[in-house]
Amino acid sequence: MMKHENFNIDTDYPLWHLPAEIREPIVAVHDLGAVAVEIVGQVVLATISMATQHISDVKVPRLGQKPLNSYFLSLADSGAGKTTAESFAMVTVNAHIDALEADYGEQWQNYKIDLKAYQSEMKAVERDMRGHARQHIAEALRDVGAAPLPPLRPDAIARMPTYKGLLNLLRDGQPSVALINDDSSGFIKGALNDAEMVTLLTDIWSATPYRRITDRERLLLKGRRLSAHLMVQPNHADALLHGAHTAEQGIIPRFNIAIAPLRQKTAPKGDIVAQERIVGEFNNRVAALIAHPGAVKNRNEVVVDQPLVMTSEAEELFVRFLEEMAASSQPGAPLAAIRSSAIRAPENAARMAGAIALFCRGAEATTVELSDITAAIALMSYFNNQKLDLYATTFIDPVVDMSEKVWTWLSTLWDEPVISRRDMCRFATPKAVRRADKAQAVIDHLERKGRLCRLDGRHMIKGEPHEVVWRVAR
């Protein structure tokens, strides 16, 4: 547990690594609403992500340009206080949405008038051009111009969308949107185990163009920005972590998970006036960012030409973290059980560091500083530990598990002194290993364990030549 001399808070959450602009609002909401810092932290980070994701991207060493949107997931009992935390931290986000909704009616009415005028003009041109050559008719119609586009929907937050609903929001909604739900068990059981929804969420997180082609529709989403904060009770954790599409190899590695302790509701404590001032300053920063035009082009597509770049010190620390995660996620290493999450931890850290930079220094910031990446790495280390706690009792590293099964086959049924990767793909059991990438992962693990030893040079196996084989150490 971490205890700061100025605050009577015991928690593993890395509060004291965060900049004051973020740490102080978390503590203030914790004291005002008697909400666990784990929950407040998730709400605050998700709000910052939503407020900054349309403004810029971050240039990540060795990984390329990445967006600033992040996904957060909290495991907490009912009544943990997420709604309370949101009522403090999302004041200006909600006010921004209210303002959009207030303007939408007039915008929609003007759109219908413009559309009617456009349609009337098209009909008039068609009437006047009757009997003319097709080329001349086409030129006259082009001169009318393109049809007016409807205003963007004021919707910016989805609470429990269907796949189609989220698709429509990303297509027709605001440039910066969020998926927020304080009781996500139903959503997780349904939507997050829907292959289409998982693909959509994965592509949007990755900033990959999302394509949907059906008999009736061809849809292309580019440059959309979606942040997420889902909350689910701990008794749903197992189904969440091991679902068909939510397992460690699925969508969950992209989520930053926090486990909130059960808290008793108490009265506000500390200097309430000072705390409310701190929360107000937080919301003022959010308001300035979310109202910023950012890098939005083509209605609601974010196109960033000049992403945030890391200073040399920040980049040096980031690369060390990248290499540490790569080493720590190998079979048998400390983070092997959450390998898919660990190898994405550096990118998640860079995203959060970029959002922190914009939040702390304003929309005109151009660099990610050492303090930004330090805070983000501390957060990712916390999130990794949270996932390790979740997987410790139920998760078996799939590479280790498969390697043990393959070793049983090798040591009892394989009658050759050596084996090639090709033969492992052809003959090994279990059959799940009969793919080149999985076979190589198993070979690498067994080689580290000393059960296989690489031999270069030409070798014959079952009458066929092989250039690279491994001796089986029976």
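Residue numbering note: each chain is counted from 1, following its sequence as written. Per-residue local features are limited, in this predicted model, to residues with pLDDT of at least 70; the limit for side-chain atom pairs, both in listing and counting, is 80 or more; totals at the level of whole chains, interfaces and linings are taken over all residues. Side-chain calculation: all heavy atoms of the structure are included, whereas hydrogens and water are not.

> Any chance you could explain the pairing of strand β11 (residues 255-259) here in plain terms?
Here is the key point about a regular strand: its side chains alternate between the two faces of the sheet. Burial classes: relative accessible area under 20% of the type maximum marks a residue as buried, over 50% as exposed, and values in between as partly exposed (1.4 Å probe, protein chains only). Put simply, DSSP marks the helices as runs of H or I at least four residues long and the strands as runs of E at least two long, and each gets a number from the N terminus on. With four of five residues buried, β11 is to be regarded as a mostly interior element. Bridge count for strand β5 (residues 71-75) against β11 is five bridges, and the pairing is parallel. Bridging across to β11, L73 finds its partner in I257. Should DSSP find at least two bridges between two strands, the strands are regarded as paired.

> Is there a simple way to explain the sheet that holds strand β7 (residues 176-181) in this structure?
Each strand in a sheet pairs with another by means of backbone hydrogen bonds, the pair being arranged parallel or else antiparallel. Strand order in the open sheet made by the five strands is β6-β7-β10-β5-β11, with parallel pairing throughout. Lying at the two open borders of the sheet, with one neighbouring strand each, are β6 (157-158) and β11. As paired elements, β7 and strand β10 (residues 225-232) share six bridges and run parallel to each other. In the sheet register, N181 faces β10, and the bridge partner there is L230.

> Honestly, the environment of P19 in this entry has me stumped. Any pointers?
Within the secondary structure layout, P19 lies in the loop between β2 (10-11) and α1 (20-33). In this structure the C-alpha to C-alpha distance between P19 and S371, which are 352 residues apart in sequence, comes to 7.7 Å. Contact partners of P19, with chain neighbours within four places excluded, come to I356, C360 and A375. Residue contacts follow a heavy-atom distance rule, with two residues in contact if any of their heavy atoms lie within 4.5 Å.

> Whenever I open this one, the packing of aromatic side chains confuses me. Can you help?
The description of two aromatic rings rests on the distance between their centres and on the angle between their planes. Pairing of aromatic rings covers Phe, Tyr and Trp, the last counted by its six-membered ring, and requires centre-to-centre distances within 6.5 Å; plane angles under 30 degrees mean stacked, over 60 mean edge-to-face, and any other angle means tilted. Within the structure shown, the criterion is met by nine aromatic pairs. Ring geometry for W409 versus W414: centroids 5.4 Å apart, planes at 40°, classification tilted. Residue W409 shares its accessibility class with W414, and that shared class is buried. Taken together, the aromatic side chains of Y13, F72, Y382 and F383 make up a single cluster linked through ring pairs. The cationic tip of R351 hangs over the ring face of W205; the distance from NZ or CZ to the ring centre is 3.9 Å. A cation over a ring is seen here: K462 above W414, with NZ or CZ 4.9 Å from the ring centre. We count a charge as sitting over a ring when the NZ of a lysine or the CZ of an arginine lies within 6 Å of the ring centre and within 35 degrees of the ring normal.

> Whenever I open this one, helix α4 (residues 91-128) confuses me. Can you help?
Think of an α-helix as turning once every 3.6 residues; residues three or four places apart then point the same way. Any helix carries an expected span of 1.5 Å times its number of residues minus one. Counted at 1.5 Å a residue, the expected span for α4 with its 38 residues is 56 Å, and the 55 Å between its end C-alpha atoms agrees. When the local axis directions of α4 are compared, the greatest deviation, roughly 35°, occurs at Y104. The inward-facing, buried residues of α4 contact α2 (37-52), α5 (134-144), β6 and α10 (272-290). Axes are fitted to the seven residues ending at a residue and to the seven starting at it; the angle between these axes is taken as the bend at that residue.

> Just checking my understanding: could you explain unusual backbone geometry for this structure?
Glycine aside, residues mostly have negative phi, and peptide bonds are mostly found in the trans state. Look at the link from T429 to P430: it is a cis peptide, with omega at 5°. Tracing the backbone shows P430 in the loop between α15 (421-427) and α16 (436-448). Although it is not a glycine, A34 adopts a positive phi angle of roughly 55°. Structurally, A34 is set in the loop between α1 and α2. Not every positive phi belongs to a glycine, and K462 is a case in point at roughly 50°. If you trace the backbone, K462 turns up in the loop between β17 (452-461) and β18 (464-472). A relative accessible area of 44% places K462 in the partly exposed class.

> Just checking my understanding: could you explain the pattern of salt bridges for this structure?
Once the charged atoms of two side chains with opposite charge are near each other, the side chains can pair. The salt bridge criterion pairs a side-chain nitrogen of Lys or Arg with a carboxyl oxygen of Asp or Glu, the two atoms within 4 Å. According to the stated counting rule, one finds 20 salt bridges in the structure shown. One salt bridge in this structure joins E464 and R426, with 3.2 Å as the shortest N-O distance. Taken together, the residues span a long stretch of sequence, with E464 in strand β18 and R426 in helix α15 at a distance of 38 residues. For R426, a relative accessible area of 39% puts it in the partly exposed group.

> Can you walk me through the packing of α1 against α10 in this structure?
Pairs of packed helices are described in terms of their axes, by the angle between the two and the distance that separates them. Across the interface, α1 lies against α10 with an axial gap of 9 Å and an inter-helix angle of 130°. Regarding the angle of α1 to α10, the classification is oblique. With respect to the hand of their crossing, α1 and α10 are arranged in left-handed fashion. Side by side, α1 and α10 meet where E21, E24, P25, A28, V29, D31 and L32 of the first sit next to I272, Q275, E276, I278, V279, F282 and R285 of the second. With axes taken as lines fitted to C-alpha atoms, and helix axes fitted only over the stretch in contact, angles between N-to-C directions fall between 0 and 180 degrees. For classification purposes, angles smaller than 35 degrees are called roughly parallel, those larger than 145 roughly antiparallel, those between 65 and 115 roughly perpendicular, and all remaining angles oblique. By the definition used in this description, the sense in which the near helix is turned from the far one sets the handedness, with an anticlockwise turn below a right angle giving left-handed and a clockwise turn giving right-handed.

> Can you walk me through the packing of helix α14 (residues 398-412) against α16 in this structure?
The N-to-C vectors of α14 and α16 enclose an angle of 80°; their axes lie 9 Å apart at closest approach. Comparing the axis directions of α14 and α16 gives the class roughly perpendicular. Seen from α14, the contacting residues are V399, V400, M402, S403, V406, W407 and L410; seen from α16, they are K438, A441, V442, H445 and L446. Any residue that is not Ala, Val, Leu, Ile, Met, Phe, Trp, Tyr, Cys, Pro, Asp, Glu, Lys or Arg is counted as polar, Gly included; the first ten are nonpolar and the last four charged. Taken together, the residues of the contact of α14 with α16 sort by class into nine nonpolar, two polar and one charged.

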